[in-house]
Amino acid sequence: ARACSDTRGTLSKSMVNVFVLGGTGLVGSALVRQLRAALSSTSTSAIRLCGFANSRTLTRVNAHDDVQQPLTRAGEVSDEEIASCVDGSGAVCVVDCTSSQDVSARYAPWLEQSWHVVTCNKKVNSGDIAYYKRCVDATQSTGGKWFVEATIGAGLPIVSTLRTLRATGDSVEIVQGIFSGTMSFLFNTWDGKSAFSEIVKLAKDAGYTEPDPREDLNGLDVARKVVIAARECGMMISLSDVDVESMVPSDLELCSTDEFMKRFHENDESMAQRARAAAETGAVLRFVGCVDVANNKASVSLATFPNTHPFATLSGADNIFEIRSARYGPTGSSTPLIIRGPGAGAEVTAAGVYGDIVQLAKEISTRCI
């Protein structure tokens, strides 16, 4: 089912048939709701939700947006099952709202058969470089398009901004930011005087962290986003190239979650010392990722920023990104480009994914005129 192969008019030629994997999860179900709500308000949309699935069920949605009874099944949905949900005209867009390695391993074959992929799954564009390049090459040779906006800042326009800067001849020098909503919340909430371990416990109990907070504190999720940003800036680096400062003491890396939570207070004095040292210079601590394009370096660290810096004035669990380039920042006798807002959450992540679907539909519509 390739775009522009139908002869029944422009709308059928440019129709984007959307199939959502992980469609019953937090992000996937939010996306399905957003799609159905928007599509029910117009009869001329070039986007159609044709189905969604998880590892246990597949649900077809017909051309009248009637959701059929879920079919019980086992394992990942097959290409044949996805194709069976398409009405035979228009393009196929597979949306990955999972965090599955198995699903992301199918991007290249999908793109190579001229299907389109929209994703918030970070596995491929922060993973193996050879496979990443295979996906990129497929988009250049087959017409399949791959959209990844939601892999860094959920609904925040980070990827598209970097691509626009480079496409218009700008040279990105540094991208740094608070990439993690969880780590943003921890350091925006902590006053540097109370026990840091208590803030982590409060955040865990409130659901702001992963069930095992070490998955946030070790910096690896931020490092994956740093790799994605670096590659969008032209740096072909891997996760192993990122210098990561973990907030997890080495002797607590392998113990159970319960033991970690009981013993993490042993790190409180060390954290308090760093907070005091920062405060004495009129600064605060923030957990940041940095892509230094000029020096071909990438890092994740707990760094200090003056109280007047935009990173210091952040609140809640917002993300913030600072982009310096030949046009934005000291080189261009300007201020850096700042992008700030919620960088996590089902609704905003789904909105970022939906935005990519809309962009895909626009590009296909233009190609079909």
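It should be noted that the structure appears before, not after, this text.
Since we're looking at a predicted model, the values are computed, not measured.

### Here's the deal with the nonpolar core
Core analysis: the largest hydrophobic core is formed by 74 residues, its most contacted members being F187 and L217. Of all the elements, helix α12 (residues 220-232) adds the most residues to this core, at seven residues. Once residues within four sequence positions are removed from consideration, F187 is found in contact with F196, M247, M271, L285, R286, F287 and L302. Core analysis: the next-biggest nonpolar cluster, separate from the first, contains 28 residues, I47, L49, C93 and Y354 among them.

### Quick look at the sheet that holds strand β5 (residues 91-96)
As summarised here, the arrangement of the seven strands in space is β4-β3-β2-β1-β5-β6-β7, forming an open sheet in which the pairing is mixed. Since the sheet does not close on itself, it has two edges, and those belong to β4 (71-72) and β7 (146-147), each with one partner. Here β5 pairs with strand β6 (residues 116-119) via four bridges, running parallel. Of the residues in β6, the one forming a bridge with C93 is H116.

### So, the pattern of salt bridges
Applying the stated rule across the entire model yields 15 salt bridges. Taking the shortest distance from any N to any O, the salt bridge between D212 and R214 comes out at 2.8 Å. Note on R214: relative accessible area 9%, which makes it buried. Connected through shared salt-bridge partners, D251, E259, R263 and E266 make up one network.

### Quick look at helix α14 (residues 268-280)
Here α14 is 13 residues long and its end C-alpha atoms lie 18 Å apart, about the 18 Å a rise of 1.5 Å per residue gives. Listed in full, the buried residues belonging to α14 are D268, M271, A272, A275 and A278. Taken down its axis, α14 places every buried residue within 125 degrees of arc, on the same side. The inward-facing, buried residues of α14 abut α9 (181-189), α10 (196-205), β10 (283-292) and β11 (297-306).

Calculation criteria
- Position numbers for residues count from 1 along each chain, tracking the sequence in the order it is written.
- Two thresholds apply to this predicted model, a pLDDT of at least 70 for residue-level local features and 80 or more for giving and counting side-chain atom pairs, whereas whole-chain, interface and lining totals are computed over all residues.
- As a rule here, side-chain values come from all non-hydrogen atoms in the structure, and water together with hydrogens is ignored.
- In these notes, a set of buried Ala, Val, Leu, Ile, Met, Phe, Trp, Tyr and Cys residues joined through side-chain atoms within 4.5 Å is what counts as a nonpolar core.
- Burial status follows relative accessibility: with a 1.4 Å probe on protein chains alone, a residue under 20% of its type maximum counts as buried, one over 50% as exposed, and anything between as partly exposed.
- Helical segments are the DSSP runs of H or I of at least four residues, strand segments are the runs of E of at least two, and each set is numbered from the N terminus.
- In this analysis, two residues are considered to be in contact whenever any of their non-hydrogen atoms come within 4.5 Å of each other.
- One requirement defines pairing of two strands: DSSP has to find at least two bridges between them.
- Whenever a carboxyl oxygen of Asp or Glu lies within 4 Å of a side-chain nitrogen of Lys or Arg, that contact is scored as a salt bridge.
- In this analysis, the expected span of each helix is defined as 1.5 Å times one less than the number of residues it contains.
- Throughout, the arc means the angular range of directions from the helix axis out to the C-beta atoms.

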